[in-house]
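Spelled out, the chains give:
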Amino acid sequence: MDPLVEDDDTTCEAVDGELSQTGVLALVWRKDVLGAAWVESSSSVLKFCQVADPGPDFRVMQALKFSLDPTLIVTPSTSDPDYLDRLGGACHPVAATAEAEDAEEGAAEPDEANGFMVTLCKNREFSAESAIQRLSLLRNLSDLPNCELSDRERQMHLEHILPPDQEQACRAVGGLLAYLQRTDVGSSMSIGKLERCRLDLC
């Protein structure tokens, strides 16, 4: 079985424009593999996926960002330059650098050609290892049993939903939660469900 896409994933028909409003979209690309994570504001569901997306076209990334139409895209500051150029469009309206973010400067205004705001965040915020730790802080997750769980049991349940071998998906989830927990704690704590998607972008 292809480790990039699981057969039991929920299909997200992104290009049909039926997805709920998306606020922040976290994208991670490395070695022709794209990881993505976002929260549907109407349902408080955190959705994530990992899929093959070879450069230089990055077709899945392009289709995903235009179909979800997020208000903000967050991505690691150390990402591949070609990926960043395609992410921001021809004018590359990438927002704050990691240093500017430390100074609490906001994102740059999107250019009129593509309408996307992109913020470069510190690479360590997109750590695959931190994703489970950040998820464990969410106490409203319906995916977890109602009984009292030890930290290890909680980690095992979460790793079943977000497997460690889905590295880029883990990194995207970690980066998304890091950004939300830093800038919009209420939004992150309202997340009630995790959902792994298989993108239907054909």
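Going by the structure above, here's the rest.
Anyway, here's the lowdown on the structure attached to this text. Remember, predicted model here, so these are calculated numbers, not experimental data. The residue numbers shown here count from 1 along each chain, following its written sequence. Where totals are concerned, whole chains, interfaces and linings use all residues; where local detail is concerned, this predicted model gives features only for residues with pLDDT of at least 70, and gives and counts side-chain atom pairs only at 80 or more. No hydrogens and no water enter the side-chain calculation; it runs on all heavy atoms of the structure.

### Regarding unusual backbone geometry
Part 1: Geometrically, the link from Gly55 to Pro56 is a cis peptide bond, its omega value of 5° lying close to zero.
Part 2: Secondary structure elements are taken from DSSP: a helix is a run of H or I of four residues or more, a strand is a run of E of two residues or more, and numbering for both begins at the N terminus. Checked against the element boundaries, Pro56 lands in the loop between β4 (45-52) and α1 (59-68).
Part 3: The phi dihedral of Asp32 is positive, around 65°, even though this residue is not glycine.
Part 4: Positionally, Asp32 belongs in the loop between β2 (22-30) and β3 (33-40).
Part 5: Burial classes: relative accessible area under 20% of the type maximum marks a residue as buried, over 50% as exposed, and values in between as partly exposed (1.4 Å probe, protein chains only). Under the relative-accessibility criterion, Asp32 is labelled partly exposed at 36%.
Part 6: Residues other than glycine seldom take positive phi values, yet Asp69 does so here, at roughly 50°.
Part 7: Within the fold, Asp69 resides in the loop between α1 and β5 (72-76).

### Description of the pattern of salt bridges
Part 1: Any carboxyl oxygen of Asp or Glu that lies within 4 Å of a side-chain nitrogen of Lys or Arg is treated as forming a salt bridge with it. Tallied over the full model, the rule gives five salt bridges.
Part 2: Residue Glu167 pairs with Arg30 through a salt bridge whose shortest N-O separation is 4.0 Å. Of this pair, Glu167 sits in helix α6 (residues 167-183) while Arg30 sits in strand β2, and the two are 137 residues apart along the sequence.
Part 3: Among the charged side chains, a network of salt bridges with common partners joins Glu40, Lys47 and Glu195.

### Describing the packing of α1 against helix α2 (residues 81-88)
Part 1: Running from amino to carboxyl end, α1 crosses α2 at an angle of 30°, the nearest separation of the two axes being 10 Å. Taken together, the axes of α1 and α2 lie roughly parallel to each other. Classified by chirality, the crossing of α2 by α1 is right-handed. Contacts between α1 and α2 involve Met61, Gln62 and Lys65 from the first element and Tyr83, Arg86, Leu87 and Gly88 from the second.
Part 2: Nonpolar residues are Ala, Val, Leu, Ile, Met, Phe, Trp, Tyr, Cys and Pro. Charged residues are Asp, Glu, Lys and Arg, and all others, Gly as well, are polar. Looking at the contact of α1 with α2 residue by residue, the classes come out as three nonpolar, two polar and two charged. Here, axes are lines fitted to C-alpha atoms. For helices the fit covers the stretch in contact, and angles between N-to-C directions go from 0 to 180 degrees. Reported orientations rely on four angle classes, namely roughly parallel under 35 degrees, roughly antiparallel over 145, roughly perpendicular from 65 to 115, and oblique for the rest. For a crossing to be left-handed, the near helix must be turned anticlockwise from the far one by less than a right angle; the clockwise case is right-handed. Throughout, a residue-residue contact means that at least one pair of heavy atoms, one from each residue, lies within 4.5 Å.

### Examining helix α5 (residues 151-161)
The periodicity of an α-helix, 3.6 residues per turn, causes residues three or four places apart in sequence to face the same way.
Part 1: Restricting attention to buried positions, one finds in α5 the residues Arg154, Leu158 and Ile161. Across the axial projection of α5, the buried residues extend over an arc of 50°, all falling on one side.
Part 2: In this structure, the buried residues of α5 make contact with β4, α4 (128-135) and β7 (193-199). The directions considered for the arc are those from the helix axis to the C-beta atoms.

### A closer look at the packing of α4 against α6
Part 1: Running from N to C, α4 and α6 cross one another at 50°; their axes reach a closest spacing of 7 Å. As the angle between them shows, α4 and α6 are arranged oblique. Between α4 and α6 the crossing geometry is left-handed. Across the interface between the two elements, Ala128, Ser130, Ala131, Arg134 and Leu135 of α4 pack against Glu167, Cys170, Arg171, Val173, Gly174, Leu177, Ala178 and Gln181 of α6.

### Digging into the packing of aromatic side chains
Between two aromatic rings, the relevant description is the distance of the centres plus the angle of the planes.
Part 1: Any pair of Phe, Tyr and Trp rings, taking the six-membered ring for Trp, is counted once the centres come within 6.5 Å. Such a pair is stacked with planes under 30 degrees apart, edge-to-face with planes over 60 apart, and tilted for the rest. The full count for this structure, using the stated rule, is three aromatic pairs.
Part 2: Ring plane angle 80° and centroid distance 4.9 Å describe the contact between Trp29 and Phe58, whose orientation is recorded as edge-to-face. Remark: Phe58 occurs in the loop between β4 and α1 and Trp29 occurs in strand β2; sequence separation between them is 29 residues. Neither residue differs from the other here; Trp29 and Phe58 are each classed as buried.
Part 3: Judged by centre distance (6.2 Å) and plane angle (10°), the rings of Trp29 and Tyr83 are stacked. With a gap of 54 residues between them, Trp29 in strand β2 and Tyr83 in helix α2 connect regions that are remote in the sequence.

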